[in-house]
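Below are the chains, spelled out letter by letter.
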Amino acid sequence: MNATARYVVERNEQHDGVNHPVRIEVQAQGQGLLVVILPSLGRASDEFDHIAASVAKAGYRVLRPAPRGIGGSDGPRVGVSLHDLAADVLAVIEAERAGPAVIAGHAFGNWIARVAAGDRPDLVRAVMILAAGPRKVAPLAIQGLEHCLDLSLPGAERLHWLQTTFFAKDNDASVWLDGWYPDAARLQRAAKAVTPIEGWWAAGGVPLLDVWAAEDAFAPEGSGWRLADDLGDQVISVRIANAGHALIPEQPEQVAQAMVDFLKQLPHTGPGPAP
């Protein structure tokens, strides 16, 4: 039941009056309520293998659509907004014919999740945010991200920036030396830049789980900012110790448990285990 299958969803996207094909490769496993997992900026969803298996074992159907430019996914790469990238995810949910789904987004992926929830509330019942950043990210974190994406830098230099930008001080950042897709990251950042934040920040008012890392350089614990400060009772917050912005490779078991706990407390309206 927990074996992973792959399939492709296709759709058309219109730019300047011209239809362009979009292809989305999906990894799927498990049965039950749909849970869609979206990776961070410029990264693939393979690093969610452990978490996806744990969530599927708990009684859910886990879908991992590959972002454009990664794996077998592709589509227009110019003039794209977060709404277009969210439409890729929504097409996957529609193809399953078993929505609405809960979408989990890691870092950049949480922006797409929130846009999807606002665009199609009929297809998204809740959003799980994993290591979200504030409205304005600390400049040093942005500088570090640029170096991490620069694959021309020596490995030792990139490792330094990965450690200080993405990982808690006692965790091994070398697991993220590989697995970066700079072209996909450029597409994603351009899409974010043209999509006004006010249109997606509240995720259409759906329930939100905010899983935040205690040593996240993008949203330091000492900054005093939490998503619940902006959105109030819409948000359930879970703090993960000994983790930075990378979070997923650092504390996969704790993240999976937080996700399953949140899923179990949602009202039971469709397939999947009752709370």
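Below is a summary of the structure that appears in this document.

1. With respect to the packing of aromatic side chains
1) Next: Using the criterion set out here, one finds eight aromatic pairs in the structure.
2) Next: Ring centres of F166 and W180 lie 5.7 Å apart, and the angle between their planes is 55 degrees; this geometry places the pair in the tilted category. Of this pair, F166 sits in helix α5 (residues 155-166) while W180 sits in the loop between α5 and α6 (182-193), and the two are 14 residues apart along the sequence.
3) Next: Take F166: its relative accessible area is 3%, and that puts it in the buried class.
4) Next: Here W180 falls in the buried class, since its relative accessible area comes to 8%.

2. Some words on the nonpolar core
1) Next: Among the nonpolar cores identified, the biggest contains 60 residues, and L82, I93, I103, F166 and L208 are the most heavily contacted of them.
2) Next: When residues in this core are grouped by element, the largest group, eight residues, is from helix α2 (residues 82-96).
3) Next: Residues within four places of L82 in sequence aside, it is in contact with F108, W111, I112, V115, A191, K192, T195 and W200.
4) Next: Membership of the second largest hydrophobic core comes to 31 residues, among which are A52, V55, L130 and L263.

3. Let's talk about the pattern of salt bridges
1) Next: The full count for this structure, using the stated rule, is 14 salt bridges.
2) Next: Across the pair R11 and E13 runs a salt bridge, and its minimum N-O distance is 2.5 Å. An identical accessibility class is assigned to R11 and E13; each is buried.
3) Next: Across the pair R186 and D183 runs a salt bridge whose closest N-O atoms are separated by 2.2 Å. Taken together, the positions of R186 and D183, both in helix α6 and three residues apart, correspond to about one turn of that helix.
4) Next: Residue class for R186 comes out exposed when judged on its relative accessible area of 52%.
5) Next: One salt-bridge network, held together by shared partners, links R11, E13, R68 and D88.

4. Describing the environment of A190
1) Next: Among the secondary structure elements, A190 is positioned in helix α6.
2) Next: The partly exposed category is assigned to A190, whose relative accessible area is 40%.
3) Next: Each C-alpha atom, one on A190 and one on R77, is 9.3 Å from the other, the two residues being 113 residues apart in sequence.

5. Thoughts on the side chain of E250
1) Next: Along the chain, E250 turns up in the loop between β8 (235-240) and α8 (252-265).
2) Next: One buried charged residue, E250, remains without a salt bridge, the closest side chain of opposite sign being K169 at 11 Å.
3) Next: At a separation of 2.8 Å, a polar atom in the side chain of E250 contacts the main-chain amide nitrogen of A168.
4) Next: Polar side-chain contacts of E250 include one of 2.7 Å to the backbone nitrogen of G244.
5) Next: What E250 contacts, discounting residues up to four positions off in sequence, is F166, F167, A168, N171, N242, A243, G244 and H245.

6. A word on the packing of helix α4 (residues 139-149) against α6
1) Next: Interhelical geometry of α4 versus α6 gives an angle of 145 degrees and a closest axis separation of 10 Å. Seen from α4, the contacting residues are I142, L145, E146 and L149; seen from α6, they are P182, A185 and R189.
2) Next: Per-class residue counts for the contact of α4 with α6 are five nonpolar, no polar and two charged.

7. A few points about the sheet that holds strand β5 (residues 101-106)
1) Next: The eight strands lie next to each other as β1-β2-β4-β3-β5-β6-β7-β8, forming an open sheet whose pairing is mixed. Unpaired on one side and paired on the other, β1 (5-15) and β8 mark the two borders of the sheet. Pairs of neighbouring strands in the sheet enclose a mean axial angle of 25 degrees, with direction left out of account.
2) Next: In this sheet, β8 lies alongside strand β7 (residues 208-213) in parallel orientation, the contact comprising six bridges. Bridge assignment links L209 to a residue of β8, and that residue is I236.
3) Next: Its contacts with the sheet put α2 on β1, β2 (18-29), β3 (33-38), β4 (60-65), β5 and β6 (124-130), and the angle it makes with β1 is roughly 130 degrees.

8. Quick notes on the pairing of β6
1) Next: Among the seven residues of β6, seven are classified as buried, and the element is accordingly described as predominantly covered.
2) Next: When β5 meets β6, the two strands line up parallel, connected through six bridges. Its bridge partner lying in β6, I103 is registered against V127.
3) Next: Pairing geometry for β6 and β7, over four bridges, is parallel. The residue bridging M128 from the neighbouring strand is L209, located in β7.

9. Some thoughts on the side chain of R43
1) Next: Looking at the secondary structure, you find R43 in the loop between β3 and α1 (49-57).
2) Next: Accessibility expressed as a relative area gives 3% for R43, which makes it buried.
3) Next: In terms of polar contacts, R43 uses its side chain to reach the side chain of E47, at 2.9 Å.
4) Next: When sequence neighbours within four positions are dropped, the list of residues in contact with R43 reads P67, I70, W176, D178, G179, W180 and Y181.

Quick notes on the rules
- Residues numbered from 1 in each chain as written.
- Predicted model: local features only at pLDDT ≥ 70, side-chain atom pairs only at ≥ 80, totals over all residues.
- Heavy atoms only, no water.
- Phe/Tyr/Trp six-rings, centres within 6.5 Å; stacked < 30°, edge-to-face > 60°.
- Helix = DSSP H or I, 4+ residues; strand = E, 2+ residues; numbered from the N terminus.
- Buried < 20%, exposed > 50% of the residue type's maximum accessible area, 1.4 Å probe, protein only.
- Core = buried A, V, L, I, M, F, W, Y, C linked by side-chain atoms within 4.5 Å.
- Contact = heavy atoms within 4.5 Å.
- Salt bridge = Lys/Arg side-chain N within 4 Å of Asp/Glu carboxyl O.
- Lys, Arg positive; Asp, Glu negative; His and termini not counted.
- Polar contact = N/O pair within 3.5 Å; in protein donor to acceptor, adjacent residues only side chain to side chain.
- Axes fitted to C-alpha atoms, helices over the stretch in contact; angles between N-to-C directions.
- Nonpolar A, V, L, I, M, F, W, Y, C, P; charged D, E, K, R; others polar.
- Pairing = 2+ DSSP bridges.

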